[in-house]
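One-letter residues, chain by chain:
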Amino acid sequence: MAELQFREALRDAMSEEMRRDDKVYLLGEEVAEYDGAYKVSQGMLDEFGPDRIIDTPISENGFAGMAIGSAMLGLRPIVEFMTWNFTFVAFDQIVSNAAKIRYMSGGQLKVPVVFRGGNGAAGQLGATHSNSVEALYTNVPGLKIVAPSNPDDAKGLLKAAIRDDDPVLFLESELMFGMRGEVSDAEDYIIPIGEHRVGREGDDVTIVAHSKSYHLAMEAAEELAKQGVEAEVIDPRTLRPFPIEAVVDSVKRTNRLVIVDESQPFGGVASEVGFRIQQRCFDYLDAPIERVTAKDVPAPYAKNLIEAWMPSIDDTIAAAKRTLYMK
């Protein structure tokens, strides 16, 4: 095992895949000369050259479409967006083209493209730069959605995403790029898309959380343990396909569920997971399912307000206690 930053794990994954397959290339704003807005691609231009590490104009619609076209012709592009907030101007390319071309061509065309970049709120960036896009894109058949929560997952899942023949949306967190953690040094390390992780075992309540919310859930679980409540924490890693069977199995043991999701509550990932669990586990539930989400308003700017707007450890603890009818 080697200790790496989240950004270094992403870089290792991309570099290993580019060495293995000359069809893989990276493009996006400032990924080459500037080493990437968050230094994820630092040094890659020196190794792979300007034909494979490509700086693009500030036109997400244009370079997303270019990547999709090149994928249809047999290349395997990785598209870096500075933030997923900027994908809204490329929404048609991702939703109407990347997601549907394989289906509409009867499988004659594949779109092996990875779209990756920072997702969700990252402090005081205002409403237009604080969106969590999970709910928007998980609604679209044909897309795979991955949301790693640590450097090891970032490397293993990104390598799997690059090799996938379907378009994969890789949701990172701007607040996690500097996170350090142990990363497997196994040769050709891959984590299959759709494989969950149990971060903590417990029998009293199940907590499901992805990306940086996973760490919030783990902290809440540790605090609950001090109060005699043993929470099981599940990191789905992949939001589409979602590992629902893992959550079903857990809830059948704990009889309670809390879902932590940084998206807004209406029509979010937490809503879908909650519906599927009540559908599958109705007779096992001893309390209503609880959701911990961002508040249903645009993200505020003031520090105290954005902290109140985001899901919190205290919110998660309170939700778990409600499922246990504890004060």
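Rules used in this analysis
- Numbering of residues starts from 1 in every chain and runs along the sequence as written.
- Per-residue local features are limited, in this predicted model, to residues with pLDDT of at least 70; the limit for side-chain atom pairs, both in listing and counting, is 80 or more; totals at the level of whole chains, interfaces and linings are taken over all residues.
- Where side-chain values are given, they derive from all heavy atoms of the structure, hydrogens and water being excluded.
- Only runs of H or I of at least four residues qualify as helices and only runs of E of at least two qualify as strands under DSSP, and these elements are numbered from the N terminus.
- Our radius of gyration looks at C-alpha atoms and nothing else; its globule reference is 2.2 Å times the residue count to the power 0.38.
- Partly exposed describes any residue whose relative accessible area lies between the buried limit of under 20% and the exposed limit of over 50%, with all areas from a 1.4 Å probe on protein chains only and scaled to the type maximum.
- The contact criterion used throughout is that any non-hydrogen atoms of two residues lie within 4.5 Å.
- Calculation of accessible area relied on Shrake-Rupley with a 1.4 Å probe; when residues are assessed, cover is drawn exclusively from the protein chains displayed.
- Positive: Lys, Arg. Negative: Asp, Glu. His and the chain ends are not part of the count.
- Lysine's charge is taken at NZ, arginine's at CZ, aspartate's at CG and glutamate's at CD.
- Axes here refer to lines fitted to C-alpha atoms; in helices the fit is confined to the stretch in contact. Angles between the N-to-C directions go from 0 to 180 degrees.
- If an angle is under 35 degrees, it is roughly parallel; if it is over 145, roughly antiparallel; if it lies from 65 to 115, roughly perpendicular; otherwise it is oblique.
- Put simply, a crossing is left-handed when the front helix is turned counterclockwise from the back one by less than a right angle, and right-handed when it is turned clockwise.
- Each pair of strands is called paired provided DSSP finds at least two bridges between the two strands.
- In this classification, Asp, Glu, Lys and Arg are treated as charged, Ala, Val, Leu, Ile, Met, Phe, Trp, Tyr, Cys and Pro as nonpolar, and every other residue, Gly included, as polar.
- Salt bridges are counted wherever a side-chain nitrogen of Lys or Arg sits within 4 Å of a carboxyl oxygen of Asp or Glu.
- Two rings from Phe, Tyr or Trp (for Trp, the six-membered ring) form a pair when their centres sit within 6.5 Å of each other. Planes less than 30 degrees apart are called stacked, planes more than 60 degrees apart edge-to-face, and all others tilted.
- In this analysis the charged atom, NZ for Lys or CZ for Arg, is taken to sit over a ring once it is within 6 Å of the ring centre and within 35 degrees of the ring normal.

**Concerning the overall build of the protein chain**
A count of helical and extended segments in the protein chain gives twelve helices and 14 strands. Here the C-alpha atoms of the protein chain give a radius of gyration of 20 Å, agreeing with the 20 Å that 2.2 N^0.38 yields for 327 residues. Along the first, second and third principal axes, the C-alpha set of the protein chain runs to 60 × 45 × 40 Å. Burial analysis of the protein chain (327 residues in total) assigns 57% to the buried set. Taking the contacts inside the protein chain whose residues are at least 6 apart along the sequence as the reference set, 81% of them involve residues at least 24 apart. As displayed, the protein chain offers around 13,800 Å² of accessible surface, 52% of which is attributable to carbon and sulfur atoms. Where the 34 positive side-chain charges of the protein chain centre and where its 52 negative ones centre are 3 Å apart.

**Quick notes on the packing of helix H9 (residues 244-254) against helix H10 (residues 269-281)**
The geometry of H9 relative to H10 is characterised by a closest axis approach of 10 Å and an angle of 55 degrees between their N-to-C directions. In terms of their interaxial angle, H9 and H10 are classed as oblique. Regarding H9 and H10, the two cross each other, and that crossing is right-handed. Each of Ile 244, Glu 245, Val 247, Val 248, Val 251 and Lys 252 in H9 lies in contact with H10, whose residues at this interface are Val 273, Arg 276, Ile 277, Arg 280 and Cys 281.

**Let's talk about the sheet that holds strand S9 (residues 197-200)**
Sheet architecture is open: five strands sit in the order S9-S11-S10-S13-S14, paired in mixed fashion. Because the sheet does not close on itself, it has two edges, and the strands there are S9 and strand S14 (290-293). Each neighbouring strand pair of the sheet contributes to a mean axis angle of 25 degrees, computed without reference to strand direction. Two strands pair when backbone bridges link them, and strand S13 (residues 257-261) and S14 are joined in this way by four bridges, in the parallel orientation.

**Some words on the packing of helix H8 (residues 212-226) against helix H12 (residues 313-323)**
Running from N to C, H8 and H12 cross one another at 55 degrees; their axes reach a closest spacing of 9 Å. By the angle class used here, H8 and H12 are oblique. Helix-helix and strand crossings are classified by hand; for H8 and H12 the assignment is right-handed. Here Leu 216, Glu 219, Ala 220, Glu 223 and Leu 224 of H8 lie close against H12, whose contacting residues are Ile 313, Thr 316, Ile 317, Ala 320 and Lys 321. In terms of residue class, the contact of H8 with H12 is made up of six nonpolar, one polar and three charged.

**Details of the pattern of salt bridges**
A full pass over the atoms with the stated rule returns 30 salt bridges. The residue Lys 155 makes a salt bridge to Glu 16 at a minimum N-O spacing of 2.7 Å. Taken together, the residues Lys 155 in helix H7 (residues 151-163) and Glu 16 in helix H1 (residues 6-20) connect sequence positions 139 residues apart. Taking the shortest distance from any N to any O, the salt bridge between Asp 235 and Arg 197 comes out at 2.9 Å. One end of the pair, Asp 235, is in strand S11 (residues 231-235); the other, Arg 197, is in strand S9, and 38 residues separate them in sequence. Judged by its relative accessible area of 0%, Asp 235 is buried. With a relative accessible area of 17%, Arg 197 lands in the buried category. Salt bridges sharing partners connect three or more residues here, namely Glu 16, Glu 17, Arg 20, Lys 155, Lys 159, Arg 163 and Asp 188.

**Side note on the sheet that holds strand S5 (residues 114-118)**
Taken together, the seven strands give an open sheet; going across it, the order is S3-S2-S4-S5-S7-S6-S12, and neighbouring strands pair in mixed fashion. The open sheet has two free edges, formed respectively by strand S3 (53-55) and strand S12 (238-240), since each of these has just one partner strand. Between one strand axis and the next, the sheet turns by 20 degrees as a mean value, whatever way the strands run. Across the face of the sheet, H1 comes into contact with strand S2 (24-28), S3, strand S4 (76-83), S5 and strand S7 (168-172) while running at roughly 135 degrees to S2.

**With respect to the side chain of Ser 15**
Position of Ser 15 among the secondary structure elements: in helix H1. What Ser 15 contacts, discounting residues up to four positions off in sequence, is Met 44 and Phe 48.

**Some remarks on the pairing of S5**
Most of S5 sits out of view: five of its five residues are buried. Pairing of S4 with S5, which is carried by five bridges, proceeds in the parallel orientation. Within S5, the residue paired with Ile 78 across the bridge is Val 114. Of the pairings in the sheet, the one linking S5 to S7 comprises five bridges and is parallel in character. Looking at the pairing, Gly 118 lines up with Glu 172 of S7.

**Considerations on the packing of aromatic side chains**
Tallied over the full model, the rule gives seven aromatic pairs. A ring pair is formed by Trp 84 and Tyr 137, whose centres lie 5.6 Å apart and whose planes are at 65 degrees; its orientation type is edge-to-face. Residue Trp 84 is found in the loop between S4 and helix H4 (91-98), and its partner Tyr 137 is found in helix H6 (residues 134-138); the two are separated by 53 residues along the sequence. Within the aromatic cluster, the residues linked to one another by ring pairs are Phe 63, Phe 81, Trp 84, Phe 91, Phe 115 and Tyr 137. Positioned over the ring face of Tyr 34 is Lys 39, at 3.5 Å from the centre of the ring. Sitting over the face of the ring of Tyr 214, Arg 197 holds its NZ or CZ atom 4.9 Å from the ring centroid.

Purely geometric numbers; function is a separate question.
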